[in-house]
Amino acid sequence: MSCSMGFNEFKELWAVLNGWKQHFMSIDKDMSGTVDPQEMGQAVSSMGYRLSPQAMNCIIKRYSSNGKISFDDYVACSVKLRSLTVHPMHHEHLREASGFM
Ligand SMILES: [Ca+2]
């Protein structure tokens, strides 16, 4: 595996990050620069995820500091959600996953 990143890969990554940044800004309704649990809940459902309030709480606890989610945490959280939902049994999986997140 190559460790160097080509320009095209960089461009792709940049586009992905930019998309996340746009999304992050769009869910930060009060433009505070952080996403609070309520904003995150709306964001998660707008991404098409259906999480129980318990699972949502776990995610917020894991990824926020003082109840606020920064952009970095938001990206980490999105990646986590994505990695959980590629599993074909993702509903079961999410329920289980909420135990360790
Ligand atoms: Ca906010």
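Residues numbered from 1 in each chain as written. Predicted model: local features only at pLDDT ≥ 70, side-chain atom pairs only at ≥ 80, totals over all residues. Heavy atoms only, no water.

**Here's the deal with the UniProt feature "domain: EF-hand" (unreviewed entry) in the protein chain**
- Here, the residues flagged by UniProt with the feature "domain: EF-hand" (unreviewed entry) are residues 15-50.
- The span residues 15-50 is 64% helical and 0% strand by assignment, and the distance between its end C-alpha atoms comes to 26 Å. (UniProt positions renumbered as here; feature names shortened; annotations may be inferred. Helix = DSSP H or I, 4+ residues; strand = E, 2+ residues; numbered from the N terminus.)

**Digging into the coordination of the calcium ion**
- The protein atoms donating to the calcium ion are D28 (OD), D30 (OD), S32 (OG), T34 (O), E39 (OE) and E39 (OE), with metal-donor distances spanning 2.2 to 2.8 Å.
- Taken together, the six donor atoms coordinating the calcium ion span angles of 49 to 155° at the metal, a pattern that classifies the geometry as irregular.
- Mapping the donors of the calcium ion onto the primary sequence yields the spacing D-x1-D-x1-S-x1-T-x4-E.
- Look at E39 and you get buried, because its relative accessible area is 6%. (Donors = N, O, S within 2.8 Å, 3.2 Å for Na, K, Ca; no water. Tetrahedral: all angles 85-135°; square planar, octahedral: opposite > 155°, others 65-115°. Buried < 20%, exposed > 50% of the residue type's maximum accessible area, 1.4 Å probe, protein only.)

**Things to note about helix α3 (residues 53-63)**
- The set of residues buried in α3 consists of A55, M56, I59, I60 and Y63. Viewed end-on, α3 has its buried residues packed into an arc of 135°, placing them on one side of the element. Exposed residues pointing more than 90 degrees away from the buried face of α3 are listed as P53, Q54 and K61. (Arc of directions from axis to C-beta.)

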